[in-house]
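Remarks on the overall topology
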Amino acid sequence: MKKNKADKPQLTKAERRKKIRDGVLYWVILNVGVLLFAVGVQLFKSPNNFATGGVSGVSIIIAKYTKGTFFTQPVINFIINGILLVIGFIFLGKGCTFKTAYCSLLYTVEMYAMEQIFNATGFRLDETHTLTGDKFMEFVYAMLTTSLGAAVLFYCRASSGGTDIIALIVKKFTKTNIGVALLVSDFLIAASTFIIFDVTTGLFSILGLVFKSIFVDYVIDGMGRSKFVTIITSRPEIISSYILEGMHRGVTSYKAVGGYTGEEKTIIITVCKRREAIKLKIKINRADPSAFVILTNSNEIIGKGFRNSLN
């Protein structure tokens, strides 16, 4: 049975504004993630040959043999990602989402634009002319920027394409453990730098692979962290009203009796973002200074106002 538009719940003006604001914020964060990744690769990873896996690692290695030609690292990256996107659309259809295509193309275009700007200004970035001349310092910033960019993209349920597309295809047609397969492929790419470049670059590349895997998980957990709030109060109307109308969050409440005092109280349960929890604590303290409040960290909440699916 086909649903009519009238069957859909109507959003209030405040909810519509919040939806638009959240949508704009989402795309701003997504674009910042892509830019961080592109800056990290172009300014720090590529000049120092830090090949820590993925398409960026492969393009850094290939660029060593195409130096002085049209096929610079951003161009090679663009070609490989373009081919993988076409393959992804053929084999995955909707599995290769618009966001992946958008991020992949924007990432390579930004890298190419930075390269052209450097060429136009005469600013060289290569093995002999790095940004600071300090290999360790540039390694730290390479890992921070690219890992943070990757974490932001994963948090937005997007990616820069590349080997993620291959992983989706393999997952669709085989029972291979994708995490292990990607880790092995990235390790082989990083390990090849021992032979193609030098021992120092190889060690940095392997270390970068380990750092990236740990840091990305840490950042994603931090970005997704919210607060599960339990409030035991004798002023539930004021607090519930603020949560519903001021924070636009849902509440669940039920009556309870204190085991020691025998006094009847109301227990309110809600979930919110960390910044909202600060405002909520202030409001609770003003409405009911004697309220008992428990705040628990939660790494992931699924439902309206948070993540909207289990995928």
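Up top you'll find the structure we're talking about.
Rules used in this analysis
Residues numbered from 1 in each chain as written. Predicted model: local features only at pLDDT ≥ 70, side-chain atom pairs only at ≥ 80, totals over all residues. Heavy atoms only, no water. Helix = DSSP H or I, 4+ residues; strand = E, 2+ residues; numbered from the N terminus. Axes fitted to C-alpha atoms, helices over the stretch in contact; angles between N-to-C directions. Parallel < 35°, antiparallel > 145°, perpendicular 65-115°, else oblique. Left-handed = near helix turned anticlockwise from the far one by under 90°. Contact = heavy atoms within 4.5 Å. Nonpolar A, V, L, I, M, F, W, Y, C, P; charged D, E, K, R; others polar. Salt bridge = Lys/Arg side-chain N within 4 Å of Asp/Glu carboxyl O. Core = buried A, V, L, I, M, F, W, Y, C linked by side-chain atoms within 4.5 Å. Buried < 20%, exposed > 50% of the residue type's maximum accessible area, 1.4 Å probe, protein only. Phe/Tyr/Trp six-rings, centres within 6.5 Å; stacked < 30°, edge-to-face > 60°. Pairing = 2+ DSSP bridges. Patch = residues over 30% accessible without salt bridge, like charges linked within 9 Å, V, L, I, M, F, W, Y side chains within 5 Å. Areas by Shrake-Rupley, 256 points an atom, 1.4 Å probe, with all protein chains shown as cover. Lys, Arg positive; Asp, Glu negative; His and termini not counted. Charge placed at Lys NZ, Arg CZ, Asp CG, Glu CD.

1. So, unusual backbone geometry
- Located in the positive-phi region is N49, a residue other than glycine, with phi close to 60°.
- Structurally, the position occupied by N49 is in the loop between α1 (13–48) and α2 (54–65).
- Located in the positive-phi region is H248, a residue other than glycine, with phi close to 60°.
- Along the chain, the position of H248 falls in the loop between α9 (236–246) and β2 (252–257).

2. Some words on the packing of α1 against helix α5 (residues 135–155)
- Close contact between α1 and α5 brings their axes to 7 Å; oriented N to C, the two are set at 155°. What the angle tells us is that α1 and α5 run roughly antiparallel. Like other packed secondary-structure pairs, α1 and α5 cross with a definite hand, here left-handed. Counting all contacts with α1, which are made through I29, L30, G33, V34, L36, F37, G40, V41, L43, F44, K45 and N48, the residues of α5 involved are K135, E138, Y141, A142, M143, T145, T146, L148, G149, A150, V152 and L153.
- Residue classes in the contact of α1 with α5 are distributed as 15 nonpolar, six polar and three charged.

3. Side note on the pattern of salt bridges
- The final tally for this structure, using the stated rule, is two salt bridges.
- When the shortest N-O distance is used, the salt bridge between E276 and R249 registers 3.0 Å. A residue pair is termed long-range when its members are at least 10 positions apart, and E276 in helix α10 (residues 274–287) and R249 in the loop between α9 and β2 qualify at 27 residues.

4. Side note on the nonpolar core
- Grouped together as the largest cluster of nonpolar side chains are 26 residues, with contacts concentrated most on L30, L43, C103 and Y107.
- For this core, the secondary-structure elements that each account for two or more residues are α1, α4 (98–121), α5 and α8 (199–224).
- Setting aside anything within four residues of it in sequence, one finds Y107 in contact with V34, F37, A38, V41, S56, N77, N81 and S160.
- Listed in part, the 12 residues of the second largest apolar core include V229, I268, C272 and L280.

5. Thoughts on the packing of aromatic side chains
- Summed over all chains, the structure comprises nine aromatic pairs.
- When the ring of F50 is compared with that of F204, the centres are 5.5 Å apart and the planes differ by 55°; the resulting orientation is tilted. Here the residue F50 occupies a position in the loop between α1 and α2, and F204 occupies one in helix α8, the gap between them amounting to 154 residues.
- On the basis of relative accessibility, which here comes to 13%, the residue F204 falls in the buried class.

6. Comments concerning the packing of α9 against α10
- Contact pair α9 / α10: the axes reach a minimum separation of 10 Å and the direction vectors enclose 155°. Comparing their axes, α10 and α9 come out roughly antiparallel. Classified by chirality, the crossing of α10 by α9 is right-handed. Here α9 contributes I238, I239, Y242 and I243 to the contact with α10, which in turn contributes K279, L280, K283, I284 and A287.

7. A closer look at the sheet that holds β2
- In space, the four strands of this open sheet follow the order β2-β3-β1-β4, with antiparallel pairing throughout. The outermost strands of the open sheet, each flanked by one partner alone, are β2 and β4 (292–298). On average, adjacent strands in this sheet sit at an angle of 20° to one another, irrespective of strand direction.
- Sheet analysis places strand β1 (residues 226–233) next to β4, joined by seven bridges and oriented antiparallel.

8. Notes on the environment of R124
- The residue R124 is located in the loop between α4 and α5 in this model.
- Residues R124 and P47 lie 77 residues apart in sequence; the distance between their C-alpha atoms is 9.5 Å.

9. Details of a positive patch on the surface
- Residues K13, R16, R17, R21, R275 and K279 make up a contiguous surface patch of positive charge.
- At the level of secondary structure, the elements contributing two or more residues to the positive patch comprise α1 and α10.
- At four residues, the largest contribution of residues to the positive patch is made by α1.
- Here R21 is to be found in helix α1.

That is the geometry; function is a separate question.
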